Structure formats: C-alpha cells, structure tokens
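A closer look at the structure
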Amino acid sequence: DPVKLMKQKVGKAAADLVKSGSIVGLGTGSTTAFAIQYIGERLKSGELKDIVGVPTSFQAEVLAKEYGIPLTTLDAIDHIDIAIDGADEVDPQKNLIKGGGAAHTREKVVDYLADQFIVVVDGGKLVDRLGSVFAVPVEVIPMAVTPVMRAVAKLGGKPELRMGVKKAGPVITDQGNMVIDVKFDSIDDPVNLEKTLNNIPGVLENGIFVNCADRVLIGEVKDGQPVVR
Ligand code: DER
C-alpha cells in the first residue's frame, strides 16, 4: 500500500531527527504513529538512548508503551527538545489545521512548547490557503455546544458536531469534551481566526496552529516509490 509506505518513510525520517537524551513530544495520528514506532526501534537497537516522551493523547500513550518509550509529564520537565506530530492541512507559511484525531488541545500545548516542532504529512495535506479542504476542529465543553455553534455560524462558519464511529453519539475528547468541526470557505487571516475562536465562551481549543511548525516533512510517492522532502 503506497500510502502506508509513504507514512512509514516520513515517520522514520522524523524519528531519525531525534537525538539521544532528548525530551520528545509524541503527536497523534496515523503518520506520527510510525515515528513513534521507529523511535522505539532505535531505542531497542541501542542506537538511541535516554529518551523520554510527552504524549499528546491516549493514542500516543498507548503507542509509546507498546514501543517501549518511557513517558513523563509536563510537571516533571522544563522544556521539550523536539515534537513530532501530524496535520490535516499545511499552508505555504507552515500554518496548520490539526485535530482530525480530536487531539489538538494537548497537541497544541506540547507542539508550541517544543524547541523544534516537526510536522509529518503526506503530500495530499498541502494547501494554498487553510480551510480549503478541512474544517477547523473546535473543542467545546458539552454545556456550551449550542451557543458556540451559533457563534461560529455568525463568523461565516458551518458547524457540525463530530459524531463517533465506534461510539454511539458525539466524539468525547481525552479531556471529556465534544468537538465541533467548522467549515469556512477559506481562511484569509488564520492568526485572527485562531484568536477569535478561542475567545468564544465555552471553547477550549481550536485546531488552527499558526507560527508553530519549524519543519514540515512531506511524504510522497514518485514513480511508485515513497520519497520524503
Ligand atoms: O489530530 C491530529 O491533529 C493528527 O495529527 C491528524 O490530524 C493527522 O493524522 P494523520 O497523520 O492520521 O493524517
């Protein structure tokens, strides 16, 4: 499966950037999952030593335990050397839409803290303008879902409550909240929209990540072979 090969290759490229002794922000999603796997393999081979991870979700926590990456918390560290995480959209200024996995609240804390934030995506995530394809995920406390939906509609967004697939009813985040996906025609000023969304009472965090990513590793398939640029 060329897509899986591409994700594995870009995940491995990110894992290869991790230096021994680092504190690593462990992102969420299917692409970052390969980075976590390869960090674990580098630890097992002895090539990498003394790594501790800060997970951005229960998914990252489970994967870190599966691949033998010791975990820590933000109370126990004073910095994060490198964070590796996925994205749903990347624009030419390296601004992102994240939250496809409903994990953007903890991701934003960890990714912003990191000295170096590496984004791992397949080529299909690149857009000229944020919002062209993906809706903006917004984590909302359950009691405020209806007024927040009204407020984002007034901003020109089309809100939709995110429903579970293998869970009846709305998706519940790792913090116990709900997620509204807000589709905008296209986002001209992501810096401003990010602030406006987070200022709506009841909103915990939105999936717009501006001025945060340091490097974007892009996995693509060229002549049937997975390549990273
Ligand atoms: O939820 C997130 O922000 C994830 O990083 C996600 O959006 C990317 O997941 P993928 O690598 O499975 O596409």
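Keep in mind that this is a model prediction, so the values were computed, not measured. (Residues numbered from 1 in each chain as written. Predicted model: local features only at pLDDT ≥ 70, side-chain atom pairs only at ≥ 80, totals over all residues. Heavy atoms only, no water.)

Okay, the environment of aspartate 16 next. With respect to the helices and strands, aspartate 16 occurs in the loop between α1 (2-15) and β1 (23-26). Residue aspartate 16 is classed as partly exposed on the basis of its relative accessible area, which comes to 40%. Separated by 17 residues in the primary sequence, aspartate 16 and alanine 33 have C-alpha atoms spaced 14 Å apart. (Helix = DSSP H or I, 4+ residues; strand = E, 2+ residues; numbered from the N terminus. Buried < 20%, exposed > 50% of the residue type's maximum accessible area, 1.4 Å probe, protein only.)

On to the sheet that holds strand β10 (residues 203-206), then. Here we have four strands laid out as an open sheet, ordered β8-β9-β7-β10, and antiparallel in their pairing. Each edge of the open sheet carries a strand with a single partner, namely β8 (158-161) and β10. Adjacent strand axes in the sheet meet at a mean angle of 30°, parallel and antiparallel pairs treated alike. Taken together, the five bridges between strand β7 (residues 136-140) and strand β9 (residues 178-183) define a ladder with antiparallel strand orientation. Bridge pairing in β9 places valine 140 opposite methionine 178. Helix α5 (residues 145-154) rests against β7, β8, β9 and β10 of the sheet, and its axis sits at about 155° to β8. Contacts between helix α6 (residues 190-198) and the sheet are confined to β7 and β10, with β10 contributing the most and set at about 160° to the helix. (Pairing = 2+ DSSP bridges. Axes fitted to C-alpha atoms, helices over the stretch in contact; angles between N-to-C directions. Contact = heavy atoms within 4.5 Å.)

Every one of the 14 residues lining the ligand counts as a neighbour, but Ser30, Thr31, Asp88, Gly101 and Lys125 are closest to it. Between an oxygen atom of the ligand and a side-chain N or O atom of serine 30, the distance comes to 2.5 Å. Between the ligand and lysine 125, the relevant distance is 2.7 Å, taken from an oxygen atom to a side-chain nitrogen or oxygen of the residue. Tallied by class, the residues present in the shell around the ligand amount to one nonpolar, eight polar and five charged. (Near = heavy atom within 4 Å. Polar contact = N/O pair within 3.5 Å; in protein donor to acceptor, adjacent residues only side chain to side chain. Nonpolar A, V, L, I, M, F, W, Y, C, P; charged D, E, K, R; others polar.)

Here, the residues flagged by UniProt with the feature "active site" (unreviewed entry) are Glu107. Looking at the secondary structure, you find glutamate 107 in helix α4 (residues 104-113). With relative accessibility at 2%, the residue glutamate 107 sits in the buried group. Those residues in contact with glutamate 107, other than ones at most four positions away along the chain, are Thr28, Thr56, Asp85, Lys98, Gly99, Tyr112 and Phe209. (UniProt positions renumbered as here; feature names shortened; annotations may be inferred.)

The next thing to look at is α5. When we look at burial in α5, the residues that qualify are Val145, Val148 and Val152. Viewed along the axis of α5, the buried residues span an arc of 65°, placing them on a single side of the element. Projecting away from the buried face of α5 at angles above 90 degrees are the exposed residues Arg150 and Lys154. Buried-residue contacts for α5 involve β7, β8, β9, α6 and β10. (Arc of directions from axis to C-beta.)

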